[in-house]
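This is what each chain is made of:
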Amino acid sequence: MRLLSIKEHPNGLKVVVASKLCGRQVEVTHKPDILEGAALEVSEAGVIFRLQANSAVLYFLPETQQGGSNDGKNNAEVWLEWEASQLQPVLVPYLLSVAGGREDKELRAALQTLLATLTTSHPLNTKEVNAATVVLFCSLVPLLSETVSATLLQEQPNLLAYLTTLKEVPSFKECVASWWNGGTSTLKNWVGCTTPPPCSSHSTLALLKGSPPATPARAAPPNPADQSKPVRATVSPEAVKEAEHWWQQPSKVCPAPRNRSAPILPVDGESNILVTAALPYVNNVPHLGNIIGCVLSSDCFARFCRLRGDNILFVSGTDEYGTATETKAIAEGLTPKQICDKYNAIHSDVYRWFNISFDYFGRTTTEQQTQIAQDIFNKLDGNKYICQESVEQLFCAKCQRFLADRFVEGTCPHPGCGYEDARGDQCDACGKLINAMELVQPRCKLCSSTPEVRSSSHLFLDLPSIEPKLKTWLPSSAPQWTSNAQVICDSWIKDGLKQRCITRDLKWGTPVPKDNFREKVFYVWFDAPIGYISMTACYTDQWQQWWFNPGQVKYYQFMAKDNVPFHSVVFPSTLLGTGQNWTKVTHLVATEYLNYEDTKFSKSRGIGVFGDQAASTGIPSDVWRFYLLYLRPEAQDTSFSWVDLQTKNNSELLNNLGNFVHRALTFVFKFFGGAIPAVCPSNQDFEVMAAINKELRQYTSSLACNHQRDGLRAVLSIARIGNQYIQDQEPFKLVKPNRPLEDRERGATVTAIAANIVALVAIVLEPYMPETSGRIKDLLGNPPQLRCLPQAFTQFLASGHVIKEPQPLITQLDTELIEKLSKQFGGETKAPTKKEVNPAEVAQLQAQIEAQGNKVRQMKAGGTASKAEVAAEVAILISLKGQLATAQGIEPTPAGDKDKKKSKKGGGGGKENIKQSPATATAQPPSSTPVDEAEVSRLQALITQQGDKVRALKTSGASKEAVGPEVAILLDLKQQLAAAQGIDPAILSGKDKKKKK
């Protein structure tokens, strides 16, 4: 056995200690880029596989060899899970901050809470050494190496005594001394090679409800006693009996495969499901965030529905009309039709490579689209839900056309910006929305001439008149929507619906079928959702069976959160206004955003991976699908990370799932000639089957509710149970010729059951990794029972069933490739160009500075304003001065630099001259950023809540150890509030010192 480890990494020490305790020898090889710090290479029956550190400890110290009760408090597997999922994400970043010389106070407070949980929930018995003892000791003992971090343990005396006692146990002491020269960890030698886990982002739901986003570093960890226990501790006798029943009834567990023939139409009495993915806009190439936001999420669900036996139609296509298409056509020197043809083909190729299983992928530029959209409009108009208004717009006399927002450019009107190439809808420099009429010195994007203001008549959808119908319908549908979709829809309804313009002065679009408006086209957000209907009509001339059948059809829409208002309000209102019995959305499934390495995707700046580039990376499409679905932004924004992709591929796919499949099938092929051996399960086998059934139920319910991440975790859990089953039972030893017949029969049973677990993995993996699923099924001979989702685990492969020779499924991603790809898609850093001085902008800022300065002086003279209020206005003043310096082409001088110059001028380097008075600090806050009132309110609410908690603890007579961490959190929140208000946090520290005196 060989241990691959970063030099001095605690995860390597875990394996060394565990091997020492069980009397096994390991060869240590230092490998600076090994994932998670360490891995153990093990060979079984000629198959080499890797175990991560905690799994390796369990390999050496299996639970059956560990003493102690199984009551959940000292259960080894539970504590190993807690250490990996709760402790490490806080401990590693904290140690990084300590090694860097600046201890992170937030992480310290969070770690204090975790250590308190450990102290109260774990017996800390040094005489009872098990896998959890080894893992917790090796993770926490580096805290003793630095004075700053050691004080954390001093606040938990029982834990400190536990660690120091273990450190003197001969086997532990010997391993620590050999692993760390002198017996003490030097953080800088190893912690810099460790990648801290990424933090979560804000969620739409939290923002719209006005609540602060969850902060993982502050969240109290769950007690291990509340977490899932190992297999035998979590399955009931009833579940074991049920597992035995289903194992013996394979014909009843596996439904007959459904025969799908075109055209797919609703069938009476069956589960009829219509699935649509938000139509990707045709003028660009989709990036990874676009792909997971709608098409991949909908494909995962569609594949699950087919697996479940539903009668499902999956439709999408490209949205091809509108201003953006005309703009792109001009930029590329093509006609709009040519642009649509070009990018529709690109989109089709991208989705084909990602194995998106559309039943029909169409486009909005069809006769069916024109006919259906115009028919819907005519019915709305006939029902008096269309009104007319005159709108002032910019008109280009040279081009003889009204200019849509994107055809106008000019200087941004927002104070402090002045970007000269702002668009008529938004400024790319400051990011703010713009009304084209407000642009300074507007110009036509096509010919650069100055446009004039003219009136143009447009048609509006009268949403206020339809609103009562919408409010009547929503309660029957919205409860099945994702939470963010419900919140966004509610916010629109709460504010009251407004009339919405549905026409544009363009040439490229669906013509408006009404006199005096026939030169106009429909606005894309009136027109585009109708594309779902027209694409179904392109698929079959019996499309009405899907779209006028709400009693028999469940309709699932998939999209990113920015599309929710049009699908939850505008499109349903459009259909309701016709008075016809349309099939309307029953399940609106919206995701948050996927970012790229904590920034935004940008094709122009070369940041992020786009759909047409994924294939060039050499990483299989199934791995992309797996990773995107693994971090699918269901409740909050998530971020793509190359290092995390590498980690998940090599640990979850290669070491867990791929390893299990290859080991299990290799045993069949090597020891039984490729034929599934006879099987005689015992009660312990049925316990394993019951645990698998539990994960299978979790998988089914998660995917049915579109909790796709949870469904994927259930798949990985099934593979993990299979791995543990092989590791516990060791069939490769039992089947040896020199073993008794009873042992060999037992080895055959374990091998057969493991192969059947592989069969289940092949089934449930299909919605996530269809190619890999297909390869596993091919190795198993493609039996028909693997084409449908079973009710429970059963004997999918009967004794005597022949399989093919197994081949490796997953390829390791090495660090060299990941670093290359990270650099390739990281964008280019361009040197900033110096901005020309704009006299008008300078004059405007000078006037604003004078007005703000007067305001500050009046507040100070009045004596009624609080320091916080004054500081907020001072921060705005400093911000304006910074903007003025930038507008004048001067590099703004940070406030801290000015202070240094002043102290030097005062003469001498004495402490009295360097030290800054509180009054000076108040007059010159450290930040030039305007105060974020929402952030201030959020922090004030948290301070009130935390203050109540501290007072309650003190009143109840809690110990200092219990009160101390909570007080630290309160003080830290006050520091954050001071910074948010533009106050130097040092002022608070000064006040605290005075109080102590």
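Rules of the game
- Residues numbered from 1 in each chain as written.
- Predicted model: local features only at pLDDT ≥ 70, side-chain atom pairs only at ≥ 80, totals over all residues.
- Heavy atoms only, no water.
- Helix = DSSP H or I, 4+ residues; strand = E, 2+ residues; numbered from the N terminus.
- Buried < 20%, exposed > 50% of the residue type's maximum accessible area, 1.4 Å probe, protein only.
- Contact = heavy atoms within 4.5 Å.
- Areas by Shrake-Rupley, 256 points an atom, 1.4 Å probe, with all protein chains shown as cover.
- Salt bridge = Lys/Arg side-chain N within 4 Å of Asp/Glu carboxyl O.
- Pairing = 2+ DSSP bridges.
- Phe/Tyr/Trp six-rings, centres within 6.5 Å; stacked < 30°, edge-to-face > 60°.
- Lys NZ or Arg CZ within 6 Å of the ring centre and 35° of its normal.
- Polar contact = N/O pair within 3.5 Å; in protein donor to acceptor, adjacent residues only side chain to side chain.
- Axes fitted to C-alpha atoms, helices over the stretch in contact; angles between N-to-C directions.
- Parallel < 35°, antiparallel > 145°, perpendicular 65-115°, else oblique.
- Left-handed = near helix turned anticlockwise from the far one by under 90°.
- Nonpolar A, V, L, I, M, F, W, Y, C, P; charged D, E, K, R; others polar.
- Core = buried A, V, L, I, M, F, W, Y, C linked by side-chain atoms within 4.5 Å.
- Bend = angle between axes of the 7 residues up to and from the residue.
- pLDDT = per-residue confidence, 0-100.
- Expected span 1.5 Å × (residues − 1).

> Sorry if this is basic, but what is going on with the overall build of the chain here?
Summing up its helical and strand segments, the chain has 40 helices and 20 strands in all. Within the chain, buried positions represent 52% of all 997 residues. For the chain, long-range pairs separated by at least 24 residues make up 77% of all intrachain contacts whose partners lie at least 6 apart in sequence. As presented, the chain carries roughly 44,600 Å² of accessible surface, and 50% of it is formed by carbon and sulfur atoms.

> Would you mind showing me how to read the pattern of salt bridges here?
Between side chains of opposite charge, a pair can form as their charged atoms come close. Here the structure, examined in full by the defined rule, presents 42 salt bridges. Ionic pairing is found between Glu103 and Lys105, a salt bridge with its closest N-O pair at 3.0 Å. Residue Lys105 is classed as exposed on the basis of its relative accessible area, which comes to 51%. Each of Glu103, Lys105, Arg108 and Glu155 takes part in salt bridges that share partners, so that together they form one network.

> Would you mind going over the pairing of strand β6 (residues 311–318) with me for this structure?
Note on strand geometry: in a regular strand, side chains alternate between the two faces of the sheet. By the criterion of burial, β6 is predominantly enclosed, with eight of the eight residues buried. Of the two faces of β6, the one holding Asn311, Leu313, Val315 and Gly317 and the one holding Ile312, Phe314, Ser316 and Thr318 are both buried throughout. When strand β5 (residues 272–277) meets β6, the two strands line up parallel, connected through five bridges. Looking at the pairing, Ile273 lines up with Ile312 of β6.

> Can you walk me through the packing of aromatic side chains in this structure?
Aromatic ring pairs are described here by two measures, namely the spacing of the ring centres and the angle between the planes. This structure, assessed with the given rule, holds 36 aromatic pairs. Measuring from centroid to centroid gives 5.1 Å for Trp547 and Tyr555, while their planes differ by 80 degrees, and the two rings are edge-to-face. A relative accessible area of 0% means that Trp547 is categorised as buried. Judged by relative accessible area, Tyr555 falls into the buried class, the value being 1%. Three or more aromatic residues joined by ring pairs form one cluster here, namely Tyr596, Phe601, Phe610, Trp624, Tyr627, Phe640, Trp642 and Phe825. Over the face of the ring belonging to Tyr593 we find Lys561, whose NZ or CZ atom lies 4.4 Å from the ring centre.

> Honestly, the side chain of Arg625 in this entry has me stumped. Any pointers?
With respect to the element layout, Arg625 can be found in helix α25 (residues 621–630). A distance of 2.9 Å separates the side chain of Arg625 from the backbone oxygen of Phe354, its partner in a polar contact. At 2.8 Å, the side chain of Arg625 forms a polar contact with the backbone oxygen of Pro767. Once you skip the residues sitting within four places of it in the chain, Arg625 turns out to touch Leu296, Asp299, Arg303, Phe354, Asn355, Ile356, Pro767, Tyr768 and Pro770.

> I would appreciate a short explanation of the packing of helix α27 (residues 683–704) against helix α28 (residues 708–729) in the present structure.
Each packed pair of helices is defined by two parameters, the angle between the axes and the distance between the axes. At their nearest, the axes of α27 and α28 sit 7 Å apart, and the two run at 170 degrees to each other. When the interaxial angle is binned, α27 and α28 end up roughly antiparallel. As for how α27 packs across α28, the hand of that crossing is left-handed. Counting all contacts with α27, which are made through Gln684, Asp685, Val688, Ala691, Ile692, Glu695, Leu696, Gln698, Tyr699, Ser702 and Leu703, the residues of α28 involved are Gln708, Asp710, Gly711, Ala714, Val715, Ser717, Ile718, Ile721, Tyr725 and Gln729. Counted by class, the contact of α27 with α28 contains eleven nonpolar, seven polar and three charged residues.

> Mind showing me how you'd approach the nonpolar core here?
Nonpolar side chains in soluble globular proteins tend to end up buried together. Judged by nonpolar contacts, the single largest core of 172 residues is most densely connected at Trp624, Trp642, Phe660 and Tyr699. Counting residues per element, this core draws most heavily on helix α30 (residues 741–765), which supplies 14 residues. Within the second largest apolar cluster, 64 residues are counted, among which are Ala18, Leu107, Ala110 and Leu140.

> Please explain the environment of Asn706 as it appears in this structure.
Mapped onto the elements of the fold, Asn706 is located in the loop between α27 and α28. By relative accessible area, which is 5% here, Asn706 ends up buried. C-alpha separation for the pair Asn706 and Ala590, spaced 116 residues apart in sequence, amounts to 10.0 Å. Asn706 has contacts with Phe301, Tyr556, Phe558, Val589, Arg632 and Glu634, leaving out every residue within four places of it along the chain.

> Explain the packing of helix α17 (residues 367–382) against helix α23 (residues 564–578) here, please?
One can describe the packing of α17 onto α23 by two numbers: an axis separation of 8 Å at closest approach and a directional angle of 65 degrees. The chirality of how α17 crosses α23 is left-handed. Contacts between α17 and α23 pair Ile376, Lys379 and Leu380 from the former with Thr574, Leu575, Gly577 and Thr578 from the latter.

> What am I meant to see in helix α26 (residues 642–672) here?
The sharpest bend along α26 reaches about 40 degrees and sits at Asn659. Among the 31 residues of α26, 25 are classified as buried, and the element is accordingly described as predominantly covered. Sitting at the amino-terminal end of α26 is Ser641, which places a side-chain oxygen 3.4 Å from the backbone nitrogen of Val643. Residue Gly673 follows α26 closely and has a positive phi angle near 65 degrees.

> When you look at the sheet that holds strand β8 (residues 386–396) in this model, what are you seeing that I'm missing?
Through backbone hydrogen bonds, the strands of a sheet pair up, either in parallel or in antiparallel fashion. Taken together, the four strands give an open sheet; going across it, the order is β9-β8-β13-β14, and neighbouring strands pair in antiparallel fashion. The open sheet terminates on both sides in strands that have one partner only, identified here as β9 (401–402) and β14 (500–501). Sheet topology note: the β8/β9 ladder contains two bridges and is antiparallel. Counted as the bridge partner of Cys396 is Arg401 from β9.

> Just checking my understanding: could you explain the sheet that holds strand β10 (residues 408–411) for this structure?
The strand order β11-β10-β12 describes an open sheet built from three strands, whose pairing is antiparallel. The open sheet has two edge strands, β11 (422–423) and β12 (440–444), and neither has a second partner.

> What is the right way to read the confidence of the model for the chain from this model?
Detail in the predicted coordinates should be disregarded across regions flagged by low pLDDT. Confidence in the prediction of the chain, expressed as mean pLDDT, is 83, and 83% of residues score 70 or more. For the stretch residues 196–233, pLDDT sits under 50, and the model shows 76 contacts to residues farther than four places along the chain or on other chains. Note on residues 985–997: pLDDT under 50 across the span, and nine contacts to partners over four residues away in sequence or across chains.

> Sorry if this is basic, but what is going on with the pairing of β8 here?
Here β8 pairs with strand β13 (residues 452–461) via ten bridges, running antiparallel. By the bridge assignment, Ser390 is partnered in β13 with Ser457. Between β8 and β9, which pair antiparallel and follow one another directly, the connecting turn spans four residues, one of which, Gln400, has a positive phi of 55 degrees.

> Sorry if this is basic, but what is going on with the environment of Gly551 here?
Tracing the sequence through the fold places Gly551 in the loop between α22 (544–547) and β17 (553–560). Residues Gly551 and Thr583, 32 residues apart in the sequence, show an inter-C-alpha distance of 8.2 Å.

> Can you walk me through helix α33 (residues 839–862) in this structure?
Think of an α-helix as turning once every 3.6 residues; residues three or four places apart then point the same way. Taking 1.5 Å of rise per residue, the 24 residues of α33 would be expected to cover 34 Å, and the 35 Å separating its terminal C-alpha atoms lies within 8% of that figure. Among all positions of α33, only Glu841, Val842, Leu845, Ile849, Gln852, Gly853, Val856 and Met859 are buried. Two residues or fewer after α33 comes Gly863, characterised by a positive phi angle close to 75 degrees.

> For this particular structure, what's the right way to read the environment of Leu114?
Inspection of the secondary structure assignment puts Leu114 in helix α4 (residues 105–121). Remark: the alpha-carbon pair of Leu114 and Gln86, spanning 28 residues in sequence, is separated by 8.0 Å.

> How should I be thinking about the side chain of Ser297 in this particular structure?
Along the chain, Ser297 falls in helix α14 (residues 288–308). The exposure class of Ser297 is buried, given its relative accessible area of 0%. Setting aside anything within four residues of it in sequence, one finds Ser297 in contact with Ile291, Ile292, Phe558, Thr591, Arg632 and Gln708.

> How should I be thinking about unusual backbone geometry in this particular structure?
A negative phi angle characterises most non-glycine residues, just as the trans form characterises most peptide bonds. In this structure, the amide linkage connecting Ala262 to the following residue, Pro263, adopts the cis form with an omega of -10 degrees. Among the secondary structure elements, Pro263 is positioned in the loop between α13 (250–253) and β5. Look at Asn355: it is not a glycine, yet its phi comes out positive at around 60 degrees. Along the polypeptide, Asn355 turns up in the loop between α16 (336–353) and β7 (360–363). Although it is not a glycine, Asn516 sits at a positive phi angle of roughly 70 degrees. Examined against the element boundaries, Asn516 turns out to sit in the loop between β15 (503–504) and β16 (521–522). We classify Asn516 as exposed; its relative accessible area is 77%.

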